[in-house]
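# Results of the structural survey
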Number of protein chains: 2
Amino acid sequence: MREEATAFVPGHVTGFFSTHPDEDPTKAGSRGAGLTLTDGVEVTIEPATESTIVLDGEEIEVDPVTTVLETLDASARVEADSDLPIGAGFGVSGALTLGTALAVNRVFERKLSMNELVTIAHGAEVQAGTGLGDVVAQAHGGVPIRLEPGGPQDNKLDAIPTRARIEYVSFGELSTADVLSGDTDQLTAAGKEALSRVVEEPTLLSFMYASRLFARDAELLTERVIETIADVSAAEGQASMAMLGETVFALGTGLSDAGYEPSVCTTHPAGAVLK
Amino acid sequence: MREEATAFVPGHVTGFFSTHPDEDPTKAGSRGAGLTLTDGVEVTIEPATESTIVLDGEEIEVDPVTTVLETLDASARVEADSDLPIGAGFGVSGALTLGTALAVNRVFERKLSMNELVTIAHGAEVQAGTGLGDVVAQAHGGVPIRLEPGGPQDNKLDAIPTRARIEYVSFGELSTADVLSGDTDQLTAAGKEALSRVVEEPTLLSFMYASRLFARDAELLTERVIETIADVSAAEGQASMAMLGETVFALGTGLSDAGYEPSVCTTHPAGAVLK
């Protein structure tokens, strides 16, 4: 057994999605598209007599991380440092979950393949209701398009072949679980339309356009988000809302140009990696 | 139209493979596994009245690159810098082909998706007989396992979740086209056995072991390669032969420990990327 291992998992901002429930959590998931980010989460795993999860110095409970530890039969201290706010649509729980799977596999020499680890992490997220598509996107990197839902055995991914500077501001949390437990018919219809638009023209501009229409049609916009996107548009920039958080992301210098003081990163060229 | 764009494509060393012909070059390909490398090829595309391909300052002809330029209806100067020797089993032709597809798509605004570009590049390589699995591996990054052959619409990939320092020495070229045009029954049988070994235990050590058995059973080893692998084994290292080149690669400091002066890199965490 190694003493410890560290994985980096990029953040993931979903622009639009549609939900696809299934009794088997490794087959359930979402279609959609998003941006993986160089701002992400670093997860270090160390064997311990009792499992604990510490995020940015604070002990927390994260159900899917606990599930992964149990599935991989590992008792460990999970220590994570995040560049990103929690619950604001950046896939932090997916990053914690996938990073734990990767680093536990290494420390405890579980000899699982990448697809097996992604399946375990994806299933744990779906089961916990904390995410439907972040894990598979974060394992892929770049600007992934999720054409078919589920874990690696079932899903189908493509990507927009690009790299871009991304800015974001976050005003607060939205509960993924709350939105997903409500009526999702309208959201799913809007998500399907957005996806066909991006499949037809897989460019960043078309992704941003589809994301804005989705946020409006799925009725997920808040007042502050509407205002911020309008400010960016007025400055001739491209912005939309992160699913699901009270967060606005923009291409290039969109938010700076509109007078905001955003966090700045770029799309992440790789999926989750061991360090 | 942009003035130019640059893509970086990692090198790819195949440890073992089996060939899978098909009338459709986007469905044909190989199963197998290999290492993508931080040593790779940088490809810059600039519109030009006549297409030319320049590698490390020298004008050359590369059939699959020409095919990609024609398929994407682009007349361009392709300027490439390679860290790797040509024809020695590092996937340089695949890198040139995929890098051209990615950078042309950006410069000429062809608005194709990543899968579409990989399909075009993979099909061009297969058609030219220059490679069967490099392009899809180089688009994936890491340590890809090619479970099913063909382009992204048909294939199935997994990966060994790891990162490693890699050393290599190259003694010369082997013609991929010559080997693939000969009797490949024995090679295919050895490739299938190696793959099932790595699927059962997806670790680097098992990959190196399966690769060595494959090189022996497929009768592809040369005298110098046999000797070098033996030297690394004697120094308690792990080495095998790159498919297809007179090249030996080793984990960690395997070749240095055996007294060689190898090139040094690491596995590449990402697939091909625009810079």
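Bear in mind that the values here come from a model prediction, so they are computed numbers and not experimental data. (Residues numbered from 1 in each chain as written. Chains lettered and ligands numbered in written order. Predicted model: local features only at pLDDT ≥ 70, side-chain atom pairs only at ≥ 80, totals over all residues. Heavy atoms only, no water.)

### Details of the sheet that holds strand S9 (residues 239–241) of chain A
All names here are of chain A. Note the threshold: Strands pair, by our definition, only if DSSP identifies at least two bridges between them. Only DSSP runs of H or I with at least four residues qualify as helices, and only runs of E with at least two residues qualify as strands; both kinds are numbered from the N terminus onward. In this analysis an axis means a line fitted to C-alpha atoms, helices contributing only their contacting stretch, and an angle means the value between N-to-C directions, from 0 to 180 degrees. Residue contacts follow a heavy-atom distance rule, with two residues in contact if any of their heavy atoms lie within 4.5 Å.
Spatially, four strands are ordered S9-S10-S8-S11 in an open sheet, and the strand pairing comes out antiparallel. The two strands at the open ends of the sheet, each matched to only one other strand, are S9 and strand S11 (263–266). Between one strand axis and the next, the sheet turns through 30° on average, direction left out of account. Bridge count for strand S8 (residues 165–173) against S11 is four bridges, and the pairing is antiparallel. Within S11, the position partnered with Arg 165 by the bridge is Thr 266. On the sheet, helix H8 (residues 223–234) packs against S8, S9 and strand S10 (245–251) and is oriented at approximately 10° with respect to S10.

### Remarks on unusual backbone geometry
In this structure, Leu 244 of chain A follows Met 243 of chain A across a cis peptide bond, with omega equal to 5°. Within the element layout of this structure, Leu 244 of chain A appears in the loop between S9 and S10. Unlike most non-glycine residues, Glu 236 of chain A shows phi in positive territory, near 60°. Inspection of the secondary structure puts Glu 236 of chain A in the loop between H8 and S9. Look at Asp 56 of chain B: it is not a glycine, yet its phi comes out positive at around 50°.

### Examining the interface of chain A and chain B
What counts here: Accessible-area loss on putting two parts together, using a 1.4 Å probe and summing over both, is the definition of buried area adopted here. One side-chain nitrogen of Lys or Arg within 4 Å of one carboxyl oxygen of Asp or Glu is enough to make a salt bridge. Polar contacts, as used here, are pairs of N or O atoms within 3.5 Å; protein pairs need one atom able to donate a hydrogen and one able to accept it. Residues neighboring in sequence count only if both atoms are side-chain atoms. Gly is placed with the polar residues, together with every amino acid not listed as nonpolar (Ala, Val, Leu, Ile, Met, Phe, Trp, Tyr, Cys and Pro) or charged (Asp, Glu, Lys and Arg).
At the interface, 25 residues of chain A touch 26 residues of chain B. Roughly 2,000 Å² of surface becomes buried between chain A and chain B when both sides are summed, with 54% attributable to carbon and sulfur atoms. Of all residues in chain A, the largest losses of buried area upon contact with chain B belong to Lys 111, Pro 161 and Arg 163 of chain A, amounting jointly to 26% of the total for that side. Counting the contacts that link chain A with chain B gives two salt bridges. Across the pair Glu 201 of chain A and Lys 111 of chain B runs a salt bridge whose closest N-O atoms are separated by 3.6 Å. Viewed at the interface, chain B and chain A are joined by 14 residue pairs in polar contact (both at pLDDT 80 or more). Among the elements of the structure, helix H2 (92–107), helix H3 (114–128), strand S7 (156–159) and strand S12 (273–274) of chain A are those that each provide at least two residues to the side of chain A that touches chain B. For the side of chain A that touches chain B, the leading source of residues is S7 of chain A, giving four residues. A per-class count over the side of chain A that touches chain B returns twelve nonpolar, six polar and seven charged.

By themselves these figures say nothing about function.
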